[in-house]
Amino acid sequence: MAVQHEKRVFGYPSSLTDAPFHYCPGCTHGIAHRLVAEAIDDLRLKEHTVGVASVGCSVFTYNYFNCDMQQASHGRAPAVATGIKRVSPETIVFTYQGDGDLASIGTAEIIHAAARGENITVIFINNTNFGMTGGQMAPTTLPGQKTTTTPLGRDVKKAGYPLRVCELLSALDGPAYLARVSLHSPKEVLRAKKAIRKAFETQVAGAGFSLVEVLSTCPTNWGLPPKKALEYLRDEVAKYYPLGEFRDGPREVEACSTR
Amino acid sequence: MLARVVVNSERCKGCQICCFTCPKNILQLSTETNSKGYNPVYVQFPQKCTGCALCALMCPDVALEVWK
Ligand SMILES: Cc1ncc(C[n+]2csc(CCOP(=O)(O)OP(=O)(O)O)c2C)c(N)n1
Ligand code: SF4
């Protein structure tokens, strides 16, 4: 009988360094990191990728991704990524930003990078609050959701309504790939993996701007144990933010006549 | 064929997402602590592992490796 060798069916991606993550126990930032690293591994992009870290809990991504990294000031990662991509078009450039970073202080940068159809990939982690600074309300906080600055729940009469970033950007002609995924179950993690890979493929093909919004937990500031946080993500967050692809392929836009 | 999960106890923070994700319920919290002060998980019923890797897929700390 032939000897059957054991195979590794799940291992550590080479696009992550050995540094252990500093995230709180059960925080799904770590799953998103792994999915990005797996996409870079699968597409063999590690040697020519530059990541741009943002401000928030994920600020230390430059210690975790095993590629060149640059740190941007709060909200400016898409602008920094634009600069890197334009001076070095062969380089694969991605940003990794939270919702406080991308949808609050960085709203202008993300909208214009998307409108320009900048050939970069944005990984957007929506955990419905400002995690690092202590769980304040973010533009993405759900109506009625309790945060440290909305202790009675977000009152939309005072604090307005959440921003749905994928829907907002899908009004523009620039984006070539837009998707919203969630990390609440193995099935959804596999979907997220596919979407992140597709976003990088979009950039490799030179098709233009790609963004994946990843619905993620913040057990610490939600005040929920990891299991309950995943249930909240599934039952509340993913209900308010519909999952799916919002753009799949670049738009053809005809230029108007020059007169 | 046998399958096995290898836990990197130093990366594990004991969040237990793997414990309730595993369809066979084979992972448990250990009473030992790692250098960060967390109780990592260990494989309580190794013989029941099917190598489905759902635990590793959901692990936020990439602390699990699966062999089959
Ligand atoms: C210019 C500037 N303004 C404010 C801050 C404070 N600050 C640090 S992190 C953060 C929000 C981060 O939230 P998010 O992007 O959602 O990431 P998370 O921590 O939830 O992963 C803020 C407002 C800062 N560092 N710089
Ligand atoms: S504060 Fe929230 S987002 Fe930040 S590491 Fe902790 S759980 Fe994750």
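Residues numbered from 1 in each chain as written. Chains lettered and ligands numbered in written order. Predicted model: local features only at pLDDT ≥ 70, side-chain atom pairs only at ≥ 80, totals over all residues. Heavy atoms only, no water.

S.K.: An account of the sheet that holds strand β2 (residues 49-53) of chain A is needed here, citing residue identities and associated values.
M.R.: Strand pairing in a sheet is mediated by backbone hydrogen bonds. Such pairs are either parallel or antiparallel. Residue and element names in this part refer to chain A. In spatial order, the strands read β3-β2-β4-β5-β9-β8-β10; together these seven strands make up an open sheet with mixed pairing. Only two strands of the sheet have a single partner each, and these edge strands are β3 (68-71) and β10 (244-248). For this sheet, the mean angle separating the axes of adjacent strands, direction not counted, is 15°. In terms of strand pairing, β2 meets strand β4 (residues 92-98) through five bridges, oriented parallel. The residue of β4 that forms the bridge with alanine 53 is tyrosine 96. Sheet strands in contact with helix α1 (residues 29-42) are β2, β4 and β5 (121-126), and its direction is about 175° off that of β4. (Pairing = 2+ DSSP bridges. Helix = DSSP H or I, 4+ residues; strand = E, 2+ residues; numbered from the N terminus. Axes fitted to C-alpha atoms, helices over the stretch in contact; angles between N-to-C directions. Contact = heavy atoms within 4.5 Å.)

S.K.: I'd love a proper account of the site of ligand 2, names of residues and values included.
M.R.: Residue and element names in this part refer to chain A. Around ligand 2, a shell composed of Tyr23, Cys24, Cys27, His29, Cys57, Asn127, Gly131, Cys218, Pro219, Thr220 and Asn221 is seen. If one sorts the elements of the shell around ligand 2 by residue count, helix α9 (residues 219-222) sits on top with three residues. When its residues are assigned to classes, the shell around ligand 2 shows six nonpolar, five polar and no charged. (Near = heavy atom within 4 Å. Nonpolar A, V, L, I, M, F, W, Y, C, P; charged D, E, K, R; others polar.)

S.K.: Give a detailed account of the confidence of the model for chain B, specifying residues and quantitative values.
M.R.: For chain B, the average pLDDT comes to 97, and 99% of its residues sit at 70 or higher. Overall fold confidence for the complex sits at a pTM of 0.97, while the interface term, ipTM, reaches 0.97. (pLDDT = per-residue confidence, 0-100.)

S.K.: Give a description of the site of ligand 1 that names residues and reports values.
M.R.: Residues and elements named next belong to chain A. Neighbouring residues of ligand 1: 16 residues in total, closest Cys57, Asp99, Gly100, Asp101 and Gly131. The contact in question runs from an oxygen atom of ligand 1 to an N or O atom on the backbone of glycine 100, over 2.7 Å. The contact in question runs from an oxygen atom of ligand 1 to an N or O atom on the backbone of asparagine 129, over 3.0 Å. Burial of ligand 1 by the protein amounts to 72% of the accessible area it has alone, namely 600 Å². Here the shell around ligand 1 gets four residues from one element, more than from any other, and that element is helix α4 (residues 99-105). Among the residues forming the shell around ligand 1, the class breakdown is five nonpolar, nine polar and two charged. (Polar contact = N/O pair within 3.5 Å; in protein donor to acceptor, adjacent residues only side chain to side chain. Areas by Shrake-Rupley, 256 points an atom, 1.4 Å probe, with all protein chains shown as cover.)

S.K.: Any chance you could break down the sheet that holds strand β4 (residues 64-67) of chain B for me, citing the residues and the numbers?
M.R.: Strand order across the open sheet formed by three strands is β1(A)-β4(B)-β1(B), with antiparallel pairing between neighbours. Of all strands in the sheet, those with a lone pairing partner are β1 (8-10) of chain A together with β1 (4-7) of chain B, marking the two edges. Going from strand to strand, the sheet's axes swing by 35° on average, the running direction of each strand aside.

S.K.: Would you mind going over the interface of chain A and chain B in detail, with residue names and values included?
M.R.: When the parts of a complex come together, some accessible area is lost, and that lost area is often used as the size of the interface. Contacts between chain A and chain B engage 33 residues on the former and 25 residues on the latter. Approximately 2400 Å² of surface area, both sides summed, lies buried where chain A meets chain B, with 66% of it carried by carbon and sulfur atoms. In this structure, the salt-bridge partner of Arg8(A) is Glu65(B), at a minimum N-O distance of 3.4 Å. At the junction of chain A and chain B, the tally comes to 13 residue pairs in polar contact (both at pLDDT 80 or more). (Buried area = accessible area lost by both parts, 1.4 Å probe. Salt bridge = Lys/Arg side-chain N within 4 Å of Asp/Glu carboxyl O.)

S.K.: Can you explain unusual backbone geometry? Please cite residues and give values.
M.R.: One non-glycine residue, Arg44(A), adopts positive backbone phi at about 55°. Residue position: Arg44(A) is located in the loop between α1 and β2.

S.K.: Mind laying out the environment of Glu109(A), listing which residues take part and the relevant values?
M.R.: Residue and element names in this part refer to chain A. For glutamate 109, the location among the structural elements is in helix α5 (residues 107-115). Sequence separation of glutamate 109 and proline 78 is 31 residues, and the distance between their C-alpha atoms is 6.0 Å. Those residues in contact with glutamate 109 that lie beyond four places of it in its chain are Gly75, Arg76, Pro78 and Ala79.

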